[in-house]
Amino acid sequence: MTTATALGDTTFFLNMTTRGEDFLYKSSGAIVAAIVVVVIIIFTVVLILLKMYNRKMRIRRELEPKSPKPATPSALDPNSSSSQQPATVTFGPADVHVETR
């Protein structure tokens, strides 16, 4: 609330706010700062948890026994060498159709 006070030829404006409003204005910056600090702490905790989980999974992958590779690579593998034999297809008697006249 603003009031005007006249003292001789000079008018003074006094800004009178209630104690609650003044407290809210002064503490709003502290509230925002506290929220920012809490968000930073939460992100830090999540980051540390993810790093620990990643380290645990990497160690588990490195320590588990390796399964043997299959002896025959897939025929569609473009990295396979050309010296390997191509896949053969065999037909059973049900697949052969003889044309009769």
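- The protein goes by Non-compact myelin associated protein in an unreviewed UniProt entry, where it is assigned to Sciurus vulgaris.

### Describing the overall build of the protein
Here is step 1 of the chain: Helix and strand content of the protein: 1 helix and 2 strands.
Here is step 2 of the chain: Listing every helix and strand of the protein by position from the N terminus yields β-β-α.
Here is step 3 of the chain: Relative to its full complement of 101 residues, the protein shows a buried share of 2%.
Here is step 4 of the chain: Taken as a whole, the protein presents about 10400 Å² of accessible surface, with 64% of it coming from carbon and sulfur.

### Concerning the UniProt feature "transmembrane region" (unreviewed entry) in the protein
Here is step 1 of the chain: Under the UniProt annotation, the feature "transmembrane region" (unreviewed entry) is placed at residues 30-50.
Here is step 2 of the chain: Measuring from the first to the last C-alpha atom of residues 30-50 gives 30 Å, for a span that is 100% helix and 0% strand.

### Some thoughts on a positive patch on the surface
Here is step 1 of the chain: A cluster of basic residues, K51, R55, R58 and R61, forms a positive patch on the protein surface.
Here is step 2 of the chain: Tracing the backbone through its elements, the reader meets R61 in helix α1 (residues 19-63).

### So, the confidence of the model for the protein
Reading fine detail from the predicted coordinates is not recommended where pLDDT is low.
Here is step 1 of the chain: Per-residue confidence for the protein gives a mean pLDDT of 75, with 50% of residues at or over 70.
Here is step 2 of the chain: α1 holds the highest mean pLDDT among the elements of the protein, 92, whereas strand β1 (residues 2-7) holds the lowest, 56.

### Overview of the pattern of salt bridges
Here is step 1 of the chain: Using the criterion set out here, one finds 1 salt bridge in the structure.
Here is step 2 of the chain: We note a salt bridge from D22 to K26, for which the minimum N-O separation is 3.4 Å. Of the two residues, D22 and K26 are both situated in helix α1; the distance of 4 residues between them amounts to about one turn of the helix.
Here is step 3 of the chain: The class for D22 is partly exposed, based on a relative accessible area of 31%.
Here is step 4 of the chain: With a relative accessible area of 63%, K26 lands in the exposed category.

Rules used throughout
Residues numbered from 1 in each chain as written. Predicted model: local features only at pLDDT ≥ 70, side-chain atom pairs only at ≥ 80, totals over all residues. Heavy atoms only, no water. Helix = DSSP H or I, 4+ residues; strand = E, 2+ residues; numbered from the N terminus. Buried < 20%, exposed > 50% of the residue type's maximum accessible area, 1.4 Å probe, protein only. Areas by Shrake-Rupley, 256 points an atom, 1.4 Å probe, with all protein chains shown as cover. UniProt positions renumbered as here; feature names shortened; annotations may be inferred. Patch = residues over 30% accessible without salt bridge, like charges linked within 9 Å, V, L, I, M, F, W, Y side chains within 5 Å. Salt bridge = Lys/Arg side-chain N within 4 Å of Asp/Glu carboxyl O. Lys, Arg positive; Asp, Glu negative; His and termini not counted. Charge placed at Lys NZ, Arg CZ, Asp CG, Glu CD. pLDDT = per-residue confidence, 0-100.

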